[in-house]
Amino acid sequence: MTQQDTGPGGTVASDPPGTPEPAEGASSGTAEDARKAGLKGTEVAISLLNAVLEGSSAVVTFLAIVTAVIIGGLLIAFTSPTVLHAWSHLFSAPGSAFSQAWDVAASAYSAMFEGAIVNPHTVSAAFHGGSIAQIFNPLSETAVNATPLILAGLAVALAFRAGMFNIGATGQFIGGAMIAGWIGFAVHLPMIIHVVVAVIGGVVGGSIVGGFVGGLKARTGAHEVIVTIMLNYVMEYLILFLLGLAVFRAPGLPNPVSPPVATNATLPHLAGATLRINAGFLVALAAAFAVAWLLNRTTIGFELRTVGANPNAARAAGMSPERTWVTVMLICGGLAGLAGASVILGTDFALTPQIYGTYGIDAITVALLGRASPGGVVLAALLYGSLDAGSVTMQAQTQIPVDIATVIQALIVLFVAAPPFIREIYHLRGRRGGESGQLLAKGWSS
Amino acid sequence: MTAITAVGPKRVTIDRQRAIAGIFVMLGVVDFFVFGLFASNGDAVFTFTLTGAAVSVPNLSLPAGPVSEGIGALTVILGLLYAGVRLSKIPQRLVGVAVVLGFVVSFLCWSDAGRIPLPFVSLMQSTMLAAIPLVLGALSGCLCERSGVINIAIEGQLLLGAFAGAVIASSFGSLWLGLFSGSIAGGLLAILLAVFAIRYMVDQIILGVVLNVFASGLTGYLYDQALVPYQNRLNSPNTFVPIKVPVLGDIPIIGPILFDSTIFLYITYAAVALVHIGLFKTRWGLRVRAVGEHPTAADTVGIKVLFTRYRNVVLGGLVAGIGGASLTIGSVGSFGKDISSGQGYIALAAMIFGRWTPLGATGAALLFGFSVACANVLGTIGAPIPSDFLLMLPYVATIIAVAGFVGRSRAPKADGQPYIKS
């Protein structure tokens, strides 16, 4: 990732030049001041309008999400059997085809909303003696789904900032989940200590995998993209192999599954046992703060951003890109390992061959959508978490497959990564002074 | 960009020949000590005749331990000689091939010692079958990357090809139409890749990953939404039947492996030959490579850089789409979710391992296909190695290759860099 000096977090565009001023003029009451204030107001409005018309990065992101949701809706509408049936009667009942298409897509998205944010039925039920916790279940599910995405997303984003492309979150995730899980079910420790040790184990597991990549890049120049892709598969087969061994496998079960982690090693629930939200979410938020602090307030962070912007300049300034690569990959691996720990200790409780799910790949899209800034990653992960949580409810209510969430997520990132495309379809003026949100392409060799 | 390429880490320069010699010696030591001394008692028996073959070839029975020890000792000697003697290119490669073959033979002896006979011909047949999508995917990679566009979307191209192949062949009842549509589907994803990479200059690594996720989500969605309820109509294609080449197909051992397979294998032969000759023996290929190495220079002499890239990316997609179709209508028939299961990434690995050349990639794909076939076949005879390690092999080999232990694998110089006409 070649980054501009501002980094991909570049918020250059989002602040319009004319900052809104407090209406001190208006309060003084003279006509002159009031006219000035009006002028200022107009200026603000104009500059805001300009930001929209020119397509600032925030606007582009918003439009990218809207476009992806629209395409997803079309996909839902035009693959639904009822709608296809209605199309076959297009000429006898032309209105019905369109209204059916709208109904199907609308009901899918409203079910998704109910599964991700709030379901009105649970609210009204709560007034009639239902459970209050039930109201918050969708939000809890969103947070649970977002937790590993935040952590793994940070692992990818931090590497981006150092000019590296970490596709290996999957492998690092497995490394973390493996060690955290093993500590969870094979070791016996007192209450709080056990979960802390298991979480640390997860960080170490991920760091080993990530550090290997960084070390190989620093020593031999092996491109991290290739090494991480390959390492993902190595780790996937490694966990499959380990789950075949007596050390890892739950006795007496036909499937390759590990024993469940001890209760002492599980992450505590935050809001009662009925909601799945657990301390992992807080850990993830804390990690985001830590990464933000590391990036902006520490020497390591400064070196990291410098190396990311230009390794030559960094070397000339007396920094060692090699050492930075290793450090960054150790930290990134640790974050992805933490994601693995959060899943095994927070929601899944037993190692399976599929424990890694799609977190590692989704982490890349989360990091891109979040423009590689910690805050952006948290927001992006929450959006993806809500899509994941909502799509489960959607499938239960409307039988529309959950995979639609994957399609929408992929499209969002595709469009976010291509601001000129979004500007073209919405006829936004190109921004003066080049693209700031766009991540410039580079090859294998750099 | 030139400034950035100059930054590589300060690399410890190892004499390449010595490094390779060291690896030869290591392989020889493994042959001797692991496969030789730790072989179970009893012979390794290889059968070479398929049931119903016209000519019967006698079984080969080898004493596993001594054979592996012998091969190991020879390999070590070869390795030591290799370190000392300067060889020209061709003998160098021959030695390499001999060492790898020796390793494979002693590995097979060790796996089969004292167990039921190893059906060599069906092992090789499943190697070829496994290699088809890998070779075609890797060729897609070569075509794209030689023109300067990174293609990580091979996985997605295979997946869409497999999907379209199965669905179209099933609903229209025509396998050829299925093959054609599989190719087109791969080409469509390639168009997306090309447009976003070339026109909108999206980072090509990101783009590839995202397109793979997109393809996986799209086919997964359509599978649940349409193929599951209408399994009979949309997802029950026939499969191509093997075609035996008249004379060549009757040759013992080689015939059934190389000349008695579905149309996909023959398409693969043709594709390898065409891409190799096209890229390295024609003016067309020279231009493609010029665009991939130095687009500005190519542009100066009047080669249309962007057009070349569009054409090659789409061409690659069409080739990979055929490979995808082979996953469904070439072998199992119906489509299943994520049926390509990472083979696109193995194809990428094969391309890198083969140093961005069609022939090298084909060799690597065959090796990787062999390790997949071994994982399947050796599991059934109860070999003493976990299949997971065999399946890991392609990935580990690629990591070793890019780490430069056996000479660095270098990408075309402008690979992945968008071209902006100045």
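Residues numbered from 1 in each chain as written. Chains lettered and ligands numbered in written order. Predicted model: local features only at pLDDT ≥ 70, side-chain atom pairs only at ≥ 80, totals over all residues.

The secondary structure content of chain A amounts to 18 helices and 0 strands. Here chain A holds 446 residues, and 52% of them are scored as buried. Looking at chain A alone, contacts between residues at least 24 apart form 75% of all its contacts between residues at least 6 apart. (Helix = DSSP H or I, 4+ residues; strand = E, 2+ residues; numbered from the N terminus. Buried ≥ 20, exposed ≤ 12 C-beta atoms within 10 Å, placed from the backbone. Contact = placed C-beta atoms within 7 Å.)

Looking now at helix α12 (residues 283–293) of chain B. The periodicity of an α-helix, 3.6 residues per turn, causes residues three or four places apart in sequence to face the same way. Restricting attention to buried positions, one finds in α12(B) the residues V288(B), A290(B), V291(B) and G292(B). Among the structural elements, α5 (120–146), α11 (263–281), α13 (295–300) and α14 (305–332) of chain B are those in contact with the buried residues of α12(B).

Attention now moves to the interface of chain B and chain A. The interface of chain B with chain A comprises 54 residues on the first partner and 49 residues on the second. If you list the elements that add at least two residues to the side of chain B that touches chain A, you get α1 (2–5), α8 (204–227), α15 (343–353) and α17 (387–402) of chain B. Considering each element in turn, the side of chain B that touches chain A owes the most residues, 17 residues, to α8(B).

So, about the domain arrangement of chain A. As a measure of interface size, the accessible area lost when the parts come together is often cited. Entries for chain A in the domain assignment read domain 1 (20–53) and domain 2 (142–399). Measuring from the centre of the C-alpha atoms in domain 1 of chain A to the corresponding centre in domain 2 of chain A gives 48 Å. (Domains from an automatic or database assignment.)

Attention now goes to the confidence of the model for chain A. Summary statistics for chain A give a mean pLDDT of 84 and a share of 86% for residues scoring 70 or more. The low-confidence segment residues 1–28 of chain A, where pLDDT is below 50, has 60 contacts with residues more than four positions distant or belonging to other chains. (pLDDT = per-residue confidence, 0-100.)

Bringing the packing of helix α5 (residues 94–116) of chain A against helix α7 (residues 137–161) of chain A into the picture now. Helix-helix packing: each pair is described by the crossing angle between the helix axes and the interaxial distance. All names here are of chain A. Contact geometry of α5 with α7 gives a least axis separation of 6 Å together with a crossing angle of 85 degrees. Here α5 is positioned roughly perpendicular relative to α7, judged by the angle of their axes. Between α5 and α7, the contacting residues are E114, G115 and A116 on the first element and P138, E141 and T142 on the second. In terms of residue class, the contact of α5 with α7 is built from 2 nonpolar, 2 polar and 2 charged. (Axes fitted to C-alpha atoms, helices over the stretch in contact; angles between N-to-C directions. Parallel < 35°, antiparallel > 145°, perpendicular 65-115°, else oblique. Nonpolar A, V, L, I, M, F, W, Y, C, P; charged D, E, K, R; others polar.)

Before going further, it helps to spend a moment on the nonpolar core. Counting residues in hydrophobic clusters, the biggest one holds 249 residues, and the most contacted among them are A155(A) and A350(B). A total of 15 residues in this core trace back to one element, the largest contributor, which is helix α14 (residues 321–348) of chain A. Residues in contact with A350(B), not counting those within four places in the same chain, are L134(B), A138(B), A361(B), A364(B), A365(B) and F368(B). The next biggest cluster of nonpolar side chains, apart from the first, holds 25 residues, and it includes F35(B), A39(B), I71(B) and L78(B). (Core = buried A, V, L, I, M, F, W, Y, C linked by C-beta atoms within 7 Å.)

Residue and element names in this part refer to chain B. Spatially, β2-β1-β3 is the arrangement adopted by the 3 strands of the open sheet, whose pairing is mixed. Edge positions in the sheet fall to β2 (60–63) and β3 (118–119), since each has one partner strand and no second. Here strand β1 (residues 43–47) pairs with β3 via 2 bridges, running parallel. Counted as the bridge partner of T47 is P119 from β3. Packing of helix α4 (residues 89–112) onto the sheet brings it into contact with β1, β2 and β3, and relative to β1 it is tilted by some 110 degrees. (Pairing = 2+ DSSP bridges.)

Time to look at the domain arrangement of chain B. Residues and elements named next belong to chain B. Domain annotation for chain B reports domain 1 (15–115) and domain 2 (120–422). Here domain 1 and domain 2 have C-alpha centroids that lie 30 Å from each other. The interface is formed by 14 residues belonging to domain 1 together with 16 residues belonging to domain 2. Only α2 (16–37), β1 and α4 provide two or more residues apiece to the side of domain 1 that touches domain 2. With 4 residues, α2 is the single largest residue contributor to the side of domain 1 that touches domain 2.

With that settled, the discussion passes to the environment of A262(A). All names here are of chain A. Looking at the element boundaries, A262 is found in the loop between α10 (224–242) and α11 (279–297). Overall, the presence of 19 C-beta atoms within 10 Å leaves A262 in the partly exposed class. For A262 and H128, which are 134 residues apart along the polypeptide, the C-alpha to C-alpha distance reads 38 Å. When residues no more than four places from it in sequence are discounted, the contact partners of A262 are G184, F185, H188 and H194.

On to the environment of A401(B). Examined against the element boundaries, A401(B) turns out to sit in helix α17. Taking the C-beta count within 10 Å as the criterion, A401(B) has 22 such neighbours and is therefore assigned buried.

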